[in-house]
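Structural description and commentary
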Amino acid sequence: MKSVSIIFALLLSSVSYAQVEQEVDSFGGNEALYMKAKALNPEVENEVVQNRFINRTKRVELAPEFSGVFGGDSYNKTNNVGLNAHYHINPSWSVGVKYNYSFNTLTPEGKAMVDKADQAAAANPKDPQYLFPQVVYPKSETLGMVNWYPVVGKLSFGKLGVAHFDTYLTAGYGQMELSTGTSPAATLGVGFGFWLSNNLTTRIEYRAQQYKAEYYDKTENMMTNVASVQMGWML
């Protein structure tokens, strides 16, 4: 009977250890579980990602941004620099504000059209048909944003350390200042966040954006794509 009890106790110990080890290794284990597994079998070492989820609840994230814009006016190319401010309600949701200031240059097609208009105007200065092409370009944008983080995870780089990542969906609405006036703007996109510490944040983001551009003789619905890189600090 005593032998049966000993065997039964060893089996329970083995099952308990296996359960604890599984919990620790199943992504999201904590130090208490790790220490419990260690105590059950101190000779086994577990390479686990410990205690490294970034606590974002009720924290503010400030993130400068650089972005490139694809699409829009065919004569213009736009790059933005800006700032994002996010308030993390909990690990799954955040709200914030995005501001971008735009830098614009003519595309090769735009430069060719301007050069052609210059030459025609020089040859026929009184001919009204030789007008410079109208270019409508963004000057700045201010958007209210909502982010949803459905997938979170942690990556272990062995002895180099641990990083926290997530993927998120983002949506926003606000106003763009254009060379010909202002326009409401709406945006929708996806992103990938990477946290190297409790404070340092990085994001790669892709958004589709819609606004209206006023030309001399028409109003055009603009659809652009914005790709951005952000690096920030969690307060």
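Residues numbered from 1 in each chain as written. Predicted model: local features only at pLDDT ≥ 70, side-chain atom pairs only at ≥ 80, totals over all residues. Heavy atoms only, no water.

**Quick look at the overall build of the chain**
The helix and strand tally for the chain stands at three helices and eight strands. Counting over 235 residues, the chain shows a buried share of 35%. Across the chain, contacts joining residues at least 24 apart in sequence account for 60% of those joining residues at least 6 apart. With the model as given, the accessible surface of the chain reaches about 13800 Å², and the carbon-plus-sulfur share is 63%. (Helix = DSSP H or I, 4+ residues; strand = E, 2+ residues; numbered from the N terminus. Buried < 20%, exposed > 50% of the residue type's maximum accessible area, 1.4 Å probe, protein only. Contact = heavy atoms within 4.5 Å. Areas by Shrake-Rupley, 256 points an atom, 1.4 Å probe, with all protein chains shown as cover.)

**Brief notes about the side chain of Thr 187**
By the secondary structure assignment, Thr 187 is in strand 6 (residues 181–195). There is a polar contact of 2.9 Å between the side chain of Thr 187 and the side chain of Arg 207. Polar contacts involving the side chain of Thr 187 include one to the main-chain carbonyl oxygen of Ala 208, which spans 3.0 Å. Dropping the residues within four chain positions of it, Thr 187 is found in contact with Leu 143, Met 145, Thr 170, Ala 171, Gly 172, Arg 207, Ala 208 and Gln 209. (Polar contact = N/O pair within 3.5 Å; in protein donor to acceptor, adjacent residues only side chain to side chain.)

**Overview of the nonpolar core**
Judged by nonpolar contacts, Val 136, Leu 143, Met 145, Met 176, Leu 178, Ala 185, Tyr 211, Ala 213, Tyr 215 and Met 222 together constitute the single largest core of ten residues. Elements that contribute at least two residues to this core include exactly strand 4 (138–156), strand 5 (162–178) and strand 7 (200–214). Every residue in contact with Met 222, bar those within four places of it in the chain, is listed here: Gly 72, Asp 73, Gln 209, Gln 210, Tyr 211, Ala 213 and Tyr 215. (Core = buried A, V, L, I, M, F, W, Y, C linked by side-chain atoms within 4.5 Å.)

**Focus: the packing of aromatic side chains**
Here a ring pair, both rings aromatic, is described through the centre-centre distance and the interplanar angle of the planes. Applying the stated criterion to the full structure yields five aromatic pairs. Between Tyr 149 and Tyr 168 the ring centres are 5.5 Å apart and the planes differ by 45 degrees, which places this aromatic pair in the tilted class. Highlighted residues: Tyr 149 in strand 4 and Tyr 168 in strand 5, separated in sequence by 19 residues. Relative to Phe 192, the ring of Phe 165 has its centre 5.9 Å away and its plane inclined at 25 degrees; by these criteria the two rings are stacked. (Phe/Tyr/Trp six-rings, centres within 6.5 Å; stacked < 30°, edge-to-face > 60°.)

**Some words on the pairing of strand 7**
Two faces, one strand: in a regular strand the side chains alternate between the faces of the sheet. Relative to strand 7, strand 6 runs antiparallel, the two being bridged by eleven bridges. Paired with Ala 186 across the bridge in strand 7 is Gln 210. Here strand 6 folds back onto strand 7 in antiparallel fashion, the turn holding four residues. Here strand 7 folds back onto strand 8 (residues 219–234) in antiparallel fashion, the turn holding four residues. (Pairing = 2+ DSSP bridges.)

**Considerations on empty space enclosed by the protein**
One pass over the structure, following the stated rule, counts two cavities of 30 Å³ or more. In this structure, the largest cavity spans a volume of roughly 70 Å³. Lining the largest cavity are Val 69, Asn 80, Ser 102, Pro 138, Glu 141, Met 176, Gln 209, Tyr 211, Thr 224 and Val 226. Among the secondary structure elements, those contributing two or more residues to the lining of the largest cavity are strand 4, strand 7 and strand 8. When the residues that make up the lining of the largest cavity are grouped by side-chain class, the tally is five nonpolar, four polar and one charged. (1 Å grid on protein atoms, 1.4 Å probe; cavity = no way out; pocket = protein on both sides within 12 Å on 5 of 7 lines; lining within 4 Å. Points joined across faces, edges and corners; volume = space filled by probe spheres on them. Nonpolar A, V, L, I, M, F, W, Y, C, P; charged D, E, K, R; others polar.)

**Structural notes on the pattern of salt bridges**
Across all of its chains, the model carries eight salt bridges by this definition. Close ionic contact of Glu 61 with Arg 203 constitutes a salt bridge, the shortest N to O distance being 2.8 Å. Taken together, the residues span a long stretch of sequence, with Glu 61 in strand 1 (residues 59–71) and Arg 203 in strand 7 at a distance of 142 residues. Accessibility expressed as a relative area gives 0% for Glu 61, which makes it buried. Residue classification places Arg 203 among the buried residues on the basis of a relative accessible area of 1%. For Arg 207, the salt bridge is made with Glu 141, and the minimal N-O distance between the two is 3.6 Å. Here Glu 141 lies in strand 4 and Arg 207 lies in strand 7, a separation of 66 residues in the sequence. A relative accessible area of 1% means that Arg 207 is categorised as buried. Residue Glu 141 is classed as buried on the basis of its relative accessible area, which comes to 5%. Because the salt bridges share partners, they merge into one network encompassing Glu 65, Lys 98, Glu 141, Glu 205 and Arg 207. (Salt bridge = Lys/Arg side-chain N within 4 Å of Asp/Glu carboxyl O.)

**Notes on the confidence of the model for the chain**
Across the chain, the average pLDDT comes to 78, with 66% of residues at 70 or higher. This model gives residues 6–29 a pLDDT under 50, and the stretch forms 31 contacts once residues within four places in sequence are excluded. Throughout residues 44–52 the model reports pLDDT below 50, and contacts reaching past four residues in sequence, or to other chains, amount to 28 contacts. (pLDDT = per-residue confidence, 0-100.)

**Regarding unusual backbone geometry**
Positive phi values are uncommon outside glycine, yet Lys 58 reaches one of about 60 degrees. Relative to the helices and strands, Lys 58 is located in the loop between helix 2 (31–40) and strand 1.

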